[in-house]
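Coordinate inspection notes
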Amino acid sequence: MKICFPVMDDNGLESKVHNHFGSAPLFVIVDMATREVSRVVNSDLHHSHGACSPLKALNGQAVDVIVVGGVGGGALSKLNQAGYRVYKTQGSTVAENLELFEAGRLREFTLLQTCGGHGGGCSH
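Residues numbered from 1 in each chain as written. Predicted model: local features only at pLDDT ≥ 70, side-chain atom pairs only at ≥ 80, totals over all residues. Heavy atoms only, no water.

A few words now on helix 3 (residues 94-102). An α-helix turns once per 3.6 residues; consequently, residues spaced three or four apart project the same way. Turning to helix 3, its buried residues are Val94, Asn97, Leu98, Leu100 and Phe101. Along the axis of helix 3, the buried positions cluster into a sector of 165 degrees, meaning they face one direction only. After helix 3 finishes, the residue Gly104 shows a positive phi value of roughly 75 degrees. (Buried < 20%, exposed > 50% of the residue type's maximum accessible area, 1.4 Å probe, protein only. Helix = DSSP H or I, 4+ residues; strand = E, 2+ residues; numbered from the N terminus. Arc of directions from axis to C-beta.)

Spelled out as structure tokens, the structure:
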């Protein structure tokens, strides 16, 4: 299983998880079987509000789960339709959230928890 974390800076497992999927410049991806950490640049960083293309953002990377502080409704719907499960962070770093995910303590995002706009209305 591969888990993706939107981040501002790549500090490996100590990276702080970003509070919004679409505006994160980078994604840290952790392979749970090997604990290998890789980095992907957000290929859709400069999109119009509401026009996030999450599959483009991930640049074709195969992941199973995304853990983020916040995500827009359109992006969440597109991710879910593509088979991705999206979870809300509880810790601040990738390592903390990996531990919480493995313990079953992260909750999956629903459309009721998504961001209403970059200027406010978000659940984060």
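Once the structure has been displayed, the description carries forward.
What follows deals with the side chain of Ser15. With respect to the helices and strands, Ser15 occurs in the loop between strand 1 (2-7) and strand 2 (26-31). We classify Ser15 as buried; its relative accessible area is 0%. Polar side-chain contacts of Ser15 include one of 3.3 Å to the backbone oxygen of Asp9. Once residues within four sequence positions are removed from consideration, Ser15 is found in contact with Val7, Asp9, Asp10, Val28, Ser92, Thr93 and Val94. (Polar contact = N/O pair within 3.5 Å; in protein donor to acceptor, adjacent residues only side chain to side chain. Contact = heavy atoms within 4.5 Å.)

Along the polypeptide, Thr89 turns up in the loop between strand 5 (85-88) and helix 3. Those residues in contact with Thr89 that lie beyond four places of it in its chain are Val17, Val67, Val68, Gly69, Asn97 and Leu106.

Now for the confidence of the model for the chain. Summarising the model, the chain shows a mean pLDDT of 84, and 80% of its residues fall at 70 or more. At the level of individual helices and strands, the chain shows its lowest average pLDDT in helix 1 (residues 54-57), which scores 68, and its highest in helix 3, which scores 97. Long-range and interchain partners of residues 118-124, a stretch whose pLDDT sits below 50, account for 18 contacts in this model, where long-range means more than four residues apart. (pLDDT = per-residue confidence, 0-100.)

This brings us to the sheet that holds strand 4 (residues 65-68). Strand order in the open sheet made by the five strands is 3-2-1-4-5, with mixed pairing throughout. Looking along the sheet, the strands with just one partner apiece sit at the ends: strand 3 (37-41) and strand 5. Within the sheet, the average angular offset between the axes of one strand and its neighbour, ignoring direction, is 25 degrees. Sitting on the sheet, helix 3 is in contact with strand 1, strand 2, strand 4 and strand 5, with an inclination near 140 degrees to strand 1. (Pairing = 2+ DSSP bridges. Axes fitted to C-alpha atoms, helices over the stretch in contact; angles between N-to-C directions.)

Under the criterion given, the structure shown has two salt bridges. Between Arg35 and Glu102 there is a salt bridge, and its shortest N-O distance comes to 3.0 Å. Of the two residues, Arg35 is situated in the loop between strand 2 and strand 3 and Glu102 in helix 3; the sequence distance between them amounts to 67 residues. Judged by its relative accessible area of 38%, Arg35 is partly exposed. Between Arg85 and Glu108 there is a salt bridge, and its shortest N-O distance comes to 2.7 Å. Within this pair, whereas Arg85 is found in strand 5, its partner Glu108 is found in the segment after helix 3, the two being separated by 23 residues in sequence. (Salt bridge = Lys/Arg side-chain N within 4 Å of Asp/Glu carboxyl O.)

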